[in-house]
Amino acid sequence: MIEIVFNESAEGCLKVAQSFGKGKYRGGPISVFIRKKDGSEPTEEEKEAALQEAREKERIAWERAIPLGGNSRDVFCLGQALSIGDISENEPGEKRKQSLYSLHSIYPEEYIEEIVPRIMDKLKMNMEVIRERSTQMEPIRIWYSAQPDELCGMYWFMNQLLEMESHGSVYVVKLPEWKERESGEIIHYAGWGELGPEEWGRYVSLQKEVSHIFIKGCAAVWKALQTENAPLRAMVNGRLVSMPENLYDSFLIREIEAEEETFSEAKLIGRLLGKYQLGINDSWYALRIDELMKAGYLEIAEEAPAGEVAYRRKLRKRS
């Protein structure tokens, strides 16, 4: 079965999920990151305790997992960040490349020049293989959620299916917005990339085979979004709609107003991602902060260290 996901985190996790939990747990290399609130270095005892806790959590996850099965060669990532930028092209081309360059502009230049061409080449190669395997009527399973990039990706791929000469049965698995843990804790997932490998197999029961009418309906939604070709696509009242690029600025400004006169941009973005969970990434917030700087609302107080992501800097409010 051809497995389709829309970001590389989901791709990597799905590949692990295919065999995670199969056989007896044997353990393996594991690492932990410890940061103490007071800024002090953790002791050796604290490091060892954290490692033991992480190993125990992994063992429990392994034993509770339902292996998904399949082969890593069946997993294809079609991540293009389609909720942002120009979507007028039917195939990923120069306009999509420019949108990706813009999103990755917060990273060092050498990284951008490596990652964006790689994403574009991977998209082209994956679609070529999917089309070839589809002619053999191989079934396709699409993993998506209400996260804007994943939902855009699903609509876009349905439009691609509609244009193929033939394809096998098509199944979709939509990620529920909420999950209740055994402890009673409620967890919100913004997308498939946030799940652990032990969780994927539990969601196969939600799989649904879709009809040709469903595929046509999704393709029609995508074509309408293409016609509007807004700077941004977002979930509003449960629907994916075209929106202006300043849609999320009110959340951003609200959090900036709560900051001291000088503040860390990275901490601000981290708080926005955790507090609002709007399904957008750090790059978009960083780009919008740049626009606020151009408007004279903020200025740079301290540049980011060399080689670091651009938002590892300190900003200052301007009166």
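Attention here is on the structure that accompanies the text. Please read all numbers here as calculations on a predicted model, not as lab measurements.

### Considering helix 3 (residues 94–103)
Structural remark: α-helix, 3.6 residues per turn; residues separated by three or four positions point the same way. Listed as buried for helix 3 are R96, S99, L100 and L103. Each buried residue of helix 3 lies within a common arc of 100° when the element is viewed along its axis, so the set occupies one face. Packed against the buried residues of helix 3 are helix 4 (109–134) and helix 9 (282–294).

### Let's talk about unusual backbone geometry
Phi is positive for M137, which is not a glycine, with a value near 65°. With respect to the helices and strands, M137 occurs in the loop between helix 4 and strand 3 (140–144). For M137, a relative accessible area of 46% translates into the label partly exposed.

### Examining the sheet that holds strand 10 (residues 262–264)
Pairing is antiparallel in the open sheet, where three strands are placed in the order 10-12-11. For this open sheet the edge positions go to strand 10 and strand 11 (298–302), each flanked by a neighbour on one side alone. The average angle at which neighbouring strand axes cross in this sheet is 40°, direction not considered. Bridging between strand 11 and strand 12 (residues 314–317) involves four bridges; their strand directions are antiparallel. Within strand 12, the residue paired with E302 across the bridge is K314. Contacts from helix 8 (residues 265–276) reach strand 10 and strand 12, with the element oriented near 60° to strand 10.

### Some remarks on the side chain of E199
Relative to the helices and strands, E199 resides in the loop between strand 6 (186–188) and strand 7 (208–209). For E199, the side chain forms a polar contact with the main-chain nitrogen of G196, separated by 2.9 Å. Discounting residues that sit within four places of it in the chain, E199 has contacts with K179 and Y189.

How each quantity is defined
- Residues numbered from 1 in each chain as written.
- Predicted model: local features only at pLDDT ≥ 70, side-chain atom pairs only at ≥ 80, totals over all residues.
- Heavy atoms only, no water.
- Buried < 20%, exposed > 50% of the residue type's maximum accessible area, 1.4 Å probe, protein only.
- Helix = DSSP H or I, 4+ residues; strand = E, 2+ residues; numbered from the N terminus.
- Arc of directions from axis to C-beta.
- Contact = heavy atoms within 4.5 Å.
- Pairing = 2+ DSSP bridges.
- Axes fitted to C-alpha atoms, helices over the stretch in contact; angles between N-to-C directions.
- Polar contact = N/O pair within 3.5 Å; in protein donor to acceptor, adjacent residues only side chain to side chain.

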